[in-house]
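Spelled out, the chains give:
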Amino acid sequence: MNRLARTVAAVALATALGLASGCGGSDSDTAGDADGTGLEKVTYLTSFGNFGRDAYAWVAKDKGFFKEAGFDVEIKPGQGTGGVIPAVVSGQAQFGPIDLTGGLLQMGSGQAKDFVAVAAIQQRTMAAIATTEGKGIAVSKDLEGKRLADTPGSVVRNLFPTYARLAGMDADKVTWVNGDAQTLMGTLASGSVDGIGQFVVGKPTIEAVTKKKAVLLPYSDVMPDLYGNVLITSTKIAEQKPEMVKRFTTALLKGLEYSLANSKEAAEILKHNVDATNPAAAAAELDLMAAYVTPGGSGTAIGTLNSGRVARSIAILQDAGALPRGMTPEQIIDFDLVPKT
């Protein structure tokens, strides 16, 4: 009888474990790649290399914000909008920031699809042409006849014809060469190019690398309505795991907010994870970025996206001939997942 009781108990336990396992696998919003600790494995791409402007992801990981939200996050360096989108769509990464305008241009031209924005990182575009004193570049017209470098598919490069048109210069008189996210500033320092595509917050790092005073031509001077970076995921994940997306977004934005309030600590965290980091330049980048993330007096909360503003951005690009007619904000943004004001 004792042997029979033990057998029945073992069968019952095995059945219960099997049922529990089956139930867990049926939840479409449950981690499919748990690491044994109950955390969902996620790969996140930075926007562009591992500069100070992207330190907030490392902060979210280091301070435990991702873990608290249920994630084990691997952070890898991105190569701009043109590199982040295909990586996210193909499943090589689950999340990453891209420039919203760059995403619109790629979607409108048919180069990319199956991704959605779920939060804003910057409320204004930080895209710019960067150079140093002594290159003979002070205004946009001075770029004519010059040689510029950037990564293929970057928002600065893709948006340049629109910027040139609105700034009153001839984009065809500018020569572009390919560069890499981590080596662009060195290319500028070597003198092989006259300028590079860069975000305005890159100014401190440019000066640290080139040992010269940086000169920047911000795109926002002629296109003030454009958003900057937004967090994207694949359409598939957004549809199948909306609550997971919200949890990840909340944790990442918590890291962003903490980084802006504690820029020196955030820079040291980045240095701890990325040895090549210049902490002083990284902290300065974050300090400059703060005004783009939380514009003073606007009342705009971190992460929010306004449909009306996005529609105006689309109209600007359409009027410049950069986007086809008929595009709507809802094609690129999932407003059900975007943080609310």
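Residues numbered from 1 in each chain as written. Predicted model: local features only at pLDDT ≥ 70, side-chain atom pairs only at ≥ 80, totals over all residues. Heavy atoms only, no water.

1. Observations regarding the overall build of the chain
Moving on, step 1. Looking only at helices and strands, one finds 13 helices and 12 strands in the chain.
Moving on, step 2. Expressed as a percentage of the 341 residues in the chain, the buried residues total 51%.
Moving on, step 3. Restricting the contact set of the chain to residue pairs at least 6 apart, pairs at least 24 apart contribute 79%. (Helix = DSSP H or I, 4+ residues; strand = E, 2+ residues; numbered from the N terminus. Buried < 20%, exposed > 50% of the residue type's maximum accessible area, 1.4 Å probe, protein only. Contact = heavy atoms within 4.5 Å.)

2. Focus on the sheet that holds strand 11 (residues 214-218)
Moving on, step 1. Strand order in the open sheet formed by 5 strands is 9-8-10-7-11, with mixed pairing between adjacent strands. Every other strand in the sheet has two partners, leaving strand 9 (175-178) and strand 11 as the edge strands with one partner each. For this sheet, the mean angle separating the axes of adjacent strands, direction not counted, is 35°.
Moving on, step 2. Bridging between strand 7 (residues 127-132) and strand 11 involves 5 bridges; their strand directions are antiparallel. Its bridge partner lying in strand 11, threonine 132 is registered against alanine 214.
Moving on, step 3. Contacts between helix 8 (residues 203-210) and the sheet are confined to strand 7, strand 10 (195-199) and strand 11, with strand 11 contributing the most and set at about 150° to the helix. (Pairing = 2+ DSSP bridges. Axes fitted to C-alpha atoms, helices over the stretch in contact; angles between N-to-C directions.)

3. Structural notes on the packing of helix 8 against helix 12 (residues 279-293)
Packed helices, taken two at a time, are described by the angle between their axes plus the distance between the axes.
Moving on, step 1. Orientation of helix 8 relative to helix 12, taken along the N-to-C sense of each, is 155°, at an axis distance of 7 Å. In terms of their interaxial angle, helix 8 and helix 12 are classed as roughly antiparallel. Counting all contacts with helix 8, which are made through Lys203, Pro204 and Thr205, the residues of helix 12 involved are Ala281, Ala284, Glu285 and Leu288.
Moving on, step 2. Its residues placed into classes, the contact of helix 8 with helix 12 shows 4 nonpolar, 1 polar and 2 charged. (Parallel < 35°, antiparallel > 145°, perpendicular 65-115°, else oblique. Nonpolar A, V, L, I, M, F, W, Y, C, P; charged D, E, K, R; others polar.)

4. Things to note about the packing of aromatic side chains
Moving on, step 1. For the structure shown, the criterion picks out 9 aromatic pairs.
Moving on, step 2. Connected via pairs of aromatic rings, a cluster forms that spans Tyr44, Phe66, Phe71, Phe95 and Phe248.
Moving on, step 3. Above the plane of the ring of tyrosine 292 lies arginine 124, whose end atom (NZ or CZ) is 4.3 Å from the centre.
Moving on, step 4. Residue placement shows arginine 309 over the ring face of tyrosine 227; its charged tip is 3.8 Å from the ring centre. (Phe/Tyr/Trp six-rings, centres within 6.5 Å; stacked < 30°, edge-to-face > 60°. Lys NZ or Arg CZ within 6 Å of the ring centre and 35° of its normal.)

5. What to know about the pairing of strand 3 (residues 71-76)
Moving on, step 1. Only one face of strand 3 is buried, namely the one carrying Phe71, Val73 and Ile75, since none of Asp72, Glu74 and Lys76 on the opposite face is buried.
Moving on, step 2. Bridging between strand 1 (residues 40-45) and strand 3 involves 6 bridges; their strand directions are parallel. Of the residues in strand 3, the one forming a bridge with valine 42 is valine 73.

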